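# Results of the structural survey
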Amino acid sequence: MRAIRRFTVRPVLPPPLAALGDLAGNLRWSWHPETQDVFADVDAELWESTGRDPVGLLGAVGRQRLEQLAGDEAFLARLRAAHADLERYLTGDRWYQRRRAAGVDGPEAIAYFSPEFGITAVLPQYSGGLGILAGDHLKAASDLGVPIVGVGLLYRHGYFKQSLSREGWQQETYPVLDPDGLPISLLREPNGERATISIALPDGPELLARIWVVSVGRVPLLMLDTDIEGNPDHYRDVTDRLYGGTSEHRLRQELLLGVGGVRALRVYTRITGHPAPEVFHTNEGHAGFLGVERIRELTVAEGGPRLDFDTALEVGRASTVFTTHTPVPAGIDRFPRTLVEQYFSDAGATPGVPVDRLLALGAEDYDGGDPGVFNMAVMGFRLAQRANGVSRLHGHVSRGMFSGLWPAFDEAEVPITSITNGVHAPTWVGREVIALAASQGADPDSDDTDAFWAAADKVPGSEMWAVKRQLRERLVQEARRRLARSWEKRGSARAELGWIESALDPDVLTIGFARRAASYKRLTLMMRDPERLKSLLLHPERPVQLVIAGKAHPADDGGKKLIQDIVRLSDDPAIRHRIVFLPNYDIAMAQPLYPGCDVWLNNPLRPYEACGTSGMKAALNGGLNLSVLDGWWDEWYDGDNGWAIPTADGVEDVDHRDDLEAAALYDLIENEVAPRFYDVDADGVPTRWIEMVRHTLKSLGPKVLATRMVSDYVRQLYTPAATTGRRLNSDYAGAVELAAWKRRVRAGWPGVRVEHVESSGVGDAPEVGDTMSVRAFVALGDLTPGEVDVQLVHGRSTGEDDLVDTALESLHPVESYEGGRHRFDGDLVLDRSGSFGYTVRVVPRNDLLATPAELGIVALP
Ligand SMILES: *Cc1c(COP(=O)(O)O)cnc(C)c1O
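Attention in this report is confined to the structure presented alongside it. What you see is a predicted model, and the numbers here were worked out from it, not measured in a lab. (Residues numbered from 1 in each chain as written. Predicted model: local features only at pLDDT ≥ 70, side-chain atom pairs only at ≥ 80, totals over all residues. Heavy atoms only, no water.)

## Some remarks on the packing of helix α1 (residues 18-25) against helix α6 (residues 73-91)
- Between α1 and α6, the least distance of the axes is 10 Å, while the angle of their chain directions is 40°. Here α6 runs oblique to α1, going by the angle between their axes. Crossing of α1 against α6: the hand is left-handed. Touching Ala-19, Leu-20, Asp-22 and Leu-23 of α1 are Phe-75, Leu-79, Ala-82, His-83 and Leu-86, all from α6. (Axes fitted to C-alpha atoms, helices over the stretch in contact; angles between N-to-C directions. Helix = DSSP H or I, 4+ residues; strand = E, 2+ residues; numbered from the N terminus. Parallel < 35°, antiparallel > 145°, perpendicular 65-115°, else oblique. Left-handed = near helix turned anticlockwise from the far one by under 90°. Contact = heavy atoms within 4.5 Å.)

## Quick word on the site of the ligand
- Around the ligand, the structure places 14 residues, and the nearest of them are Lys-521, Tyr-594, Thr-613, Ser-614 and Lys-617.
- The side chain of Ser-614 places a nitrogen or oxygen atom 2.5 Å from an oxygen atom of the ligand.
- Burial of the ligand by the protein amounts to 93% of the accessible area it has alone, namely 390 Å².
- Of all the secondary-structure elements, those providing two or more residues to the shell around the ligand are α8 (129-144), α23 (587-596) and α24 (614-620).
- Of all the elements, α23 adds the most residues to the shell around the ligand, at three residues.
- Its residues assigned to classes, the shell around the ligand comprises six nonpolar, four polar and four charged. (Near = heavy atom within 4 Å. Polar contact = N/O pair within 3.5 Å; in protein donor to acceptor, adjacent residues only side chain to side chain. Areas by Shrake-Rupley, 256 points an atom, 1.4 Å probe, with all protein chains shown as cover. Nonpolar A, V, L, I, M, F, W, Y, C, P; charged D, E, K, R; others polar.)

## A few points about the sheet that holds strand β28 (residues 821-829)
- Judged by pairing direction, the sheet is antiparallel, and its four strands sit side by side in the order β23-β24-β28-β27 without closing on themselves. Looking at which strands have only one partner, the edges of the open sheet turn out to be β23 (753-760) and β27 (812-817). Strand-to-strand twist in this sheet, taken as the mean axis angle between neighbours without regard to direction, amounts to 20°.
- Bridge analysis of β27 against β28 gives five bridges, and the strand direction is antiparallel. For Glu-815, the partnering residue across the bridge sits in β28 and is Arg-823. (Pairing = 2+ DSSP bridges.)

In structure tokens form, the structure reads like this:
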């Protein structure tokens, strides 16, 4: 029978247990094992059967049990301790507060916009790496005390659940989430009414959304939800599921996230008194319309400063950071230009913002661009003065991919930097591993993360090995439980499933592989040569076992086919005890998976993995990475912390390339990985393996942390953005001036020329140590020498007269002549032997620019 209406009755806790409600209402429990213990104490069985969901647990536990607990002094003491710990966590000074107390500047608040947030399995508002990263960003900001406010959407259908048909084909079900059963609370006006925002849409009434607040430790996360009374049905569906349906559906979602998100922030700060964000961080292009709403606020909104468009653009850009995550052009979010025009024309979402100016922000008006589309990433770069990719290699790939926006500059100068992703250790590291380091006196709460991970070095090998075995054993148990459930769903009778009790072996080298079944991730590379794989799995002395998981996008039959191929292979009775596919990869499965693996395998097609974070989670649990040098591994593989699978870069034939890379993978496992794992001393401890584990923890531990990532954002992007933002924002005079200056520089640039360059000081046979003097005569038209930088660009010259490995040296103005001509001089000491070349160029100069390439203009001889 179907219910005609459903709601969740909230439990009433006896007063002595009121603190349980506070603990359940802040997601900090999701990364705090001691708080989870308190919930388990309430009712261990219910804790497991609700999927470790505090709100579900408290809703399901009977009155009688609650009354019993209310009189249980030992329980109450544990509850009080956990509650006091949360209070300390929420109110004490942390890294950011200590830093500010020491006089280091930083923004009052930062808004972080993302289409998905993966925080805990009980709030399944994510679909993969991007969401998990956003969740880890908020958690690490909370740990550091960085004043971030998250902004996202609340989707009615959570992340889909994956199961398998008899034939191994992926089946999806979408859980319907009841907000009343989630750890979120409705934002209300002081008079008790729900707070809402609205957006004008072209084809009907205004779109309404309510605002949920999620407490992620110290960080509030606002989530917008259109499934409310007052909206027609098709509006209620705007937040039905992540990245749903048609282009238009996605556009509405992104409108809600960007434009609605800024409006929700304003409502939230008005009601709560929270400081207004000084910096806006756009996590991937989907949230980019936030910049358009800010332009509306600054240009036409009632009560606003009524700036002109260009000035508002400068104010918005200065305080906006854009992070791109996609190394493949096909992965970029684009809309038909006409659709955007329709939604943003006069009576549209941001009335008063000229639609032609808006369309220009997303136009692909560069070589090879498509004039019919509106590109969200391109808009992201134009609306943010600071932008980054998510690993060093991805920064490089992004500079190449978007170089069309700064055509006058070499790739190295395209203003896209990189900050390598990280993972939130308290969420992803098994508590036994934390305890190992803590047993050597390390403090997991200290800011000194190097010291914590270095402590791993002192752990005796036998202890470390015993913990790894324990974690492997737990994964084996968990995998058997999941396998049994999956086989029952696939239609097998229990009697047929006896083999599952001996599937996997807690003493066999365990290789994990879990990721979305996107084609570039090559889920099936390992089965390129099934016979070779079999012989590795069934090796008489040095067997390996594989634990595999991953979801395909529901519309991606290609991905589902890859999963089916793996499933069919793992169904083979000859090897099914050594290779398993576990359905429904999500946070709940991932948490025991990483600690239980000895080796984490990753074999994407290079360079399509922007960063990858699962290998980082494995590393923090003492897992060794076996990976293609892509994403973060390209940067931090050091020869001793794992293995690099050689890639056949440049081999055009993809089949041949896959053959070569698969063979290299098999060779590595057979000749390096397995022999080392099974090479044990008299006590059964593989000492050389443990050396690598120690080295991994010590060298990668401090680097792969989300706290390292967030502090990099604070130092390299948020603080500079806040500083420039304040200079432009205080009375807007700086912004008016900057916008006028840019207009003048652009208009005058055709008159800027390098007319003539002379050098002296180096003769026919220049030597290292010689000083070269350069004189450049340049025409600047109406611009003054202070408004430009005349630069000597020098480096190695190649056969084609191209300059590589270049460095810059600014020349200084010495004399001005009639007609806007000037002389600039400088000296350079030749400090390197070999081929040398130089040129002189002119770029705009203003200390409000983040880089000389910002305007995209340059004058060369
Ligand atoms: C970490 C994680 C991801 C992202 O991992 P990648 O290595 O970036 O593919 C995806 N899903 C879950 C459940 C995760 O925990």
